[in-house]
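Overview (structure and organization)
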Amino acid sequence: MRAFSHVFRPAVLAGHTLRNRVVFGAHTTNMAEDGLPGARHIAYYEERAIGGAAMIVVEPMPVHRTAVLTRGNFRHSSDEVIPAFAKLTQAVKRHGAVVVQQLYHVGAHGDQDNSWHAAWSPSGGPSWHDSDGSHEMSGAEIEEIIESFVAAALRCQKAGFDGVEVWAAYHCLLDQFWTPMSNTRDDEWGGSLENRTRFSREILRRVRAACGPGFIVGLSVSDGSTVEATLGHEAMADVVALHDAEGLMDYVTCGSGSYLDYHPLMPTFLYPEKLGVDLAARLKGVVRHALVTAESHIRTPENANTVLGAGEADMVSIVRGQIADPHLVAKAEAGRPEDVRGCISCNQQCWGRRSRDYWISCLINPSVGWEHQWGGDRFRPAEQVLTVLVVGAGPAGLEAARVAAERGHRVCLHEAGPELGGQFRLAGLQPRRAQILDLLGWYARQLERLGVERHFNSYLDAGEIAAMGVDQVILATGSLPAGTGFQKAIPQVAELPGLDGNVWPVEDVMGRAAQLGPRVIVLDEGGNWRGGGTAWHLAEAGHQVVIVTPQAVVGRELERSAADVPLRRRLAALGVRFLTESAITGWQNGGAEVVDLLTGARSHVAADSLVLATTNRADVSLRHGLADLGISAALIGDAHAPRLAAQAFHDGRKLALSL
């Protein structure tokens, strides 16, 4: 039996044959340039078409001036988008993928700093993005929005799209009409189910009439049932069944979360996989015409095949999985699922960059957003074969070694520790972060396949490197704890008093070198996984944990990746105590002296051990030794400057492409 047989059955939508059942679903890449798709944008989608996606849903087009949400949104209400999108659709179609575009309006949740217009909604409700309110739409304004959806769909058709997906997920404008909490109207647009769905049904009906029977019309919904005020599964099934009974859409796609419960919308590793499947299965039981697509945390070909084989959906949308590896589908079809670079569900560069209004990228696939400059996620052979020495097998060193070998260079990798991964491996030992260890397993397989010579427990000095006589030396030697307890919140204190008494860096904790007492303080300066994940690990191990942070909330840097609230919930459930907007002024066995950064008040916190999650220092000792011998070496990753893993992977890829 063919591997992934359920995945590789064709499907038909409005006369268009999809070569398999995997969709690259809609998500905001924020790559538009002056409101138009440019070279970066086109190459991003083209790479996923080359990689085998059956249907690509290009990110949402705001249909109206009140619908603008991000700096990188496309131009609304303008025919100027047509020739620009024609280049995109042509690029995708020539590789065999069907391409549609999502159309959206966020209703009350619009960003008025971006739109410079009041948000419109059914009943003038509040935004869940900020403290703004919205404008209650009149009957004429409702008609204006309906017609704006139709006009946008016609532009899509003229640009060569095979269809459109009308967005009704996450408590957007259409969902706001459906939901009694946000639709309190007493006219023909509110009250009964028929009235509350009149707006969306009229949009779909007019789009289909305007664009004709060969044009795909999809509907996007989501499972927001974790919030009592939103529509539960039965209510959503009633809504979708009503649309399906009138033959209004060719498919319906099911995600998770909503603006009212944001964190499952792009679920991190803190959530179970296949979150959208429960609702998809429920909808599949009520529709008679439309195909059902399950999305949300379906990361792998195995996930997809299981969902399809169980009959829980007709198609699956794998978004972050195909961001991490745009050739996921092609590798699965070729019987090489072990070569798929698996998404680690971190959100740090996809949603993490989008949440800051940048264009998206990927922590483990640094080609994302650079496809137009780097030749996609593929490699051209080097013009001249070099012997390359990579010192250090953390993220930067692994990616440099892999890409250099992919391009034909002879690569030798030396690692001072016993395994691949460096500090990234330690991160993979934190609770629920084992996907990092899976990724390191992928690197091990790729280096083996490429013939990279690997040496472990191999600490090289400058003289040994000089004796090797290689063409290129790459130093990915990482970083080391500063060892001073210096805190940015109190820069006048160069070294924390009392460092000789049971004080440990997070690296020693996760590396099991630390000897900790039952009561532990974690000084979490960065507000990211180094501190928060280590505190979680310690609490699960039975320690009484107090987090001291200069930030206003624990996990502040994780807010950008929609992981902060779920982390704080876990820590709170484990009894971890939070001391925010605070710093440590002294330590001695028995506890820490803590200063409140707002009031200056000082207190003593009893503890047996202190764990430091503060900024590291680059390890450049080997570089200095080589320089003394007249040997130049490239610094990448933390050896260049201590940063997050995304920058290390990017450094490694960029340097290897330059060789």
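First, a word on scope: everything that follows refers to the structure included in this document. Every residue gets a number counted from 1 within its own chain, in the order that chain's sequence is written. Side-chain atom pairs in this predicted model are given and counted only at pLDDT of 80 or more, local residue features only at pLDDT of at least 70, and totals for whole chains, interfaces and linings cover all residues. Note that the side-chain values use all heavy atoms of the structure and ignore hydrogens as well as water.

**Considering the overall build of the chain**
Heads up, the rule is: Secondary structure elements are taken from DSSP: a helix is a run of H or I of four residues or more, a strand is a run of E of two residues or more, and numbering for both begins at the N terminus. The size measure is the radius of gyration over C-alpha atoms, and the globule rule it meets is 2.2 Å times the number of residues to the 0.38 power. Think of it in three bands: with a 1.4 Å probe and only protein chains considered, a residue is buried below 20% of the maximum accessible area for its type, exposed above 50%, and partly exposed in between. We count Lys and Arg on the positive side and Asp and Glu on the negative side, and we leave His and both chain ends out. Here the site of a charge means NZ on Lys, CZ on Arg, CG on Asp, or CD on Glu.
Along the backbone of the chain there are 23 helices and 27 strands. At 27 Å, the chain has a C-alpha radius of gyration in line with the 26 Å of a compact globule built from 659 residues. Principal-axis analysis of the C-alpha atoms places the extent of the chain at approximately 75 × 65 × 45 Å. Each of the 659 residues in the chain was classed as buried or not, and the buried ones make up 61%. Separation of charge centres in the chain, based on 60 positive and 74 negative side chains, amounts to 4 Å.

**Some remarks on the nonpolar core**
Our working rule: In these notes, a set of buried Ala, Val, Leu, Ile, Met, Phe, Trp, Tyr and Cys residues joined through side-chain atoms within 4.5 Å is what counts as a nonpolar core. By definition in these notes, contact holds between two residues if any of their heavy atoms fall within 4.5 Å.
Phe199 and Val221 are the most contacted members of the largest nonpolar core, which totals 148 residues. Ranked by the residues each element gives to this core, the list is headed by helix H4 (residues 139-158), at 8 residues. Residue contacts for Val221: discarding those within four places in its chain leaves Ala168, Ala169, Trp178, Met236, Val240, Val252, Thr253, Cys254, Gly255, Leu279 and Leu283. Ranked by size, the runner-up nonpolar core spans 26 residues in total, among them Val522, Trp536, Leu558 and Ala613.

**Examining the packing of H4 against helix H7 (residues 198-211)**
Basically, it comes down to this: Here the axes come from fitting lines to C-alpha atoms, over the contacting stretch only for helices, and the angles between their N-to-C directions go from 0 to 180 degrees. Take the far helix as your reference; a near helix turned counterclockwise from it by less than a right angle gives a left-handed crossing, and one turned clockwise gives a right-handed crossing.
Their axes nearest at 9 Å, the elements H4 and H7 cross at an angle of 35°. Between H4 and H7 lies a crossing whose hand is right-handed. Packed against H4, whose contacting residues are Ile142, Glu143, Ile145, Ile146, Glu147, Phe149, Val150, Ala153, Leu154 and Gln157, the element H7 presents Phe199, Glu202, Ile203, Arg206, Val207, Ala210 and Cys211 at the interface.

**A few points about empty space enclosed by the protein**
Which entries qualify depends on this criterion: Two kinds of site are reported from a 1 Å grid over the protein atoms alone, namely cavities, where a 1.4 Å probe fits but cannot get out, and pockets, open sets with protein on both sides within 12 Å along at least five of seven lines, and residues are called lining when an atom falls within 4 Å of a point. Grid points are joined across faces, edges and corners, and a volume is the space filled by probe spheres set on the points.
Inspection of every chain in the model, using the stated rule, returns 6 cavities of 30 Å³ or more. Reported here for the largest cavity is a volume of approximately 720 Å³. Lining the largest cavity are 41 residues, and of these Ala26, His27, Tyr170, Leu265 and Met266 sit closest to its centre. Looking at the lining of the largest cavity, the elements with two or more residues in it are strand E4 (55-62), strand E5 (98-104), strand E8 (163-167), strand E10 (251-256), helix H11 (320-324) and helix H13 (351-354). It is E10 that provides the largest number of residues to the lining of the largest cavity, a total of 4 residues. Looking at the second largest cavity, its volume works out to about 100 Å³. Around the second largest cavity sit 15 residues that line it, and Cys343, Cys346, Cys350, Cys362 and Leu363 are the ones nearest its centre.

**What to know about the side chain of Ser317**
Basically, it comes down to this: Here a polar contact means two N or O atoms within 3.5 Å. Within protein one must be a hydrogen donor candidate and the other an acceptor candidate, and residues neighboring in sequence count only if both atoms are side-chain atoms.
Along the chain, Ser317 falls in strand E12 (residues 315-317). Under the relative-accessibility criterion, Ser317 is labelled buried at 2%. One polar contact links the side chain of Ser317 to the main-chain amide nitrogen of Gly25, over a distance of 3.3 Å. Apart from the residues within four sequence positions on either side, Ser317 is in contact with Val23, Phe24, Gly25, Thr293, Ala294, Glu295, Ser296 and Ile298.

**A short note on the layout of surface pockets**
Definition in use: Residues are sorted three ways: Asp, Glu, Lys and Arg are charged, Ala, Val, Leu, Ile, Met, Phe, Trp, Tyr, Cys and Pro are nonpolar, and all the rest, Gly among them, are polar.
The calculated volume of the second largest pocket comes to roughly 650 Å³. In this structure, the second largest pocket is lined by 23 residues; those nearest its centre are His129, Tyr262, Trp351, Ser355 and Glu559. For the lining of the second largest pocket, the secondary-structure elements that each account for two or more residues are H13 and helix H21 (564-573). Taken together, the residues of the lining of the second largest pocket sort by class into 8 nonpolar, 5 polar and 10 charged.

**Concerning helix H9 (residues 277-284)**
Operational definition: Picture the helix axis, draw a direction to every C-beta atom, and the arc is the one those directions span.
Listing the buried residues of H9 in full gives Val277, Leu279, Ala280 and Leu283. The buried side chains of H9 occupy one side of the element, clustering within an arc of 160° when seen end-on. On its buried side, H9 packs onto strand E9 (216-223), helix H8 (233-245), E10, strand E11 (291-294) and helix H10 (301-309).

**Points about the packing of helix H15 (residues 395-406) against helix H17 (residues 435-449)**
Short version of the rule: Orientation categories follow fixed angle ranges, with anything under 35 degrees roughly parallel, anything over 145 roughly antiparallel, 65 to 115 roughly perpendicular, and all other angles oblique.
Running from N to C, H15 and H17 cross one another at 30°; their axes reach a closest spacing of 10 Å. The angle between the axes of H15 and H17 places the two elements in the roughly parallel class. Between H15 and H17 lies a crossing whose hand is left-handed. In this structure, H15 contributes Leu398, Glu399, Ala401, Arg402 and Glu406 to the contact, and H17 contributes Leu440, Trp442, Tyr443, Gln446, Leu447 and Arg449.

**What to know about the pairing of strand E20 (residues 544-548)**
Stated precisely, the cut-off is as follows: In this analysis, strands are considered paired if DSSP registers two or more bridges between them. Handedness of a crossover: with both strands directed away from the viewer, a clockwise path from the first strand across the helix to the second marks it as right-handed.
Counting buried positions along E20 gives 4 out of 5 residues, so the element sits mostly inside the fold. Alignment of strand E19 (residues 519-524) against E20, held across 5 bridges, turns out to be parallel. Bridging from a neighbouring strand, Arg519 pairs with Gln544 of E20. Tracing the backbone out of E19, into helix H20 (residues 529-540) and back to the parallel element E20 gives a crossover that is right-handed. Judged from the 3 bridges that link them, E20 and strand E21 (residues 577-579) form a sheet pairing that is parallel. Residue pairing for E21: Val546 is matched across the bridge by Arg577. Handedness of the β-α-β unit built from E20, H21 and E21 comes out right-handed.

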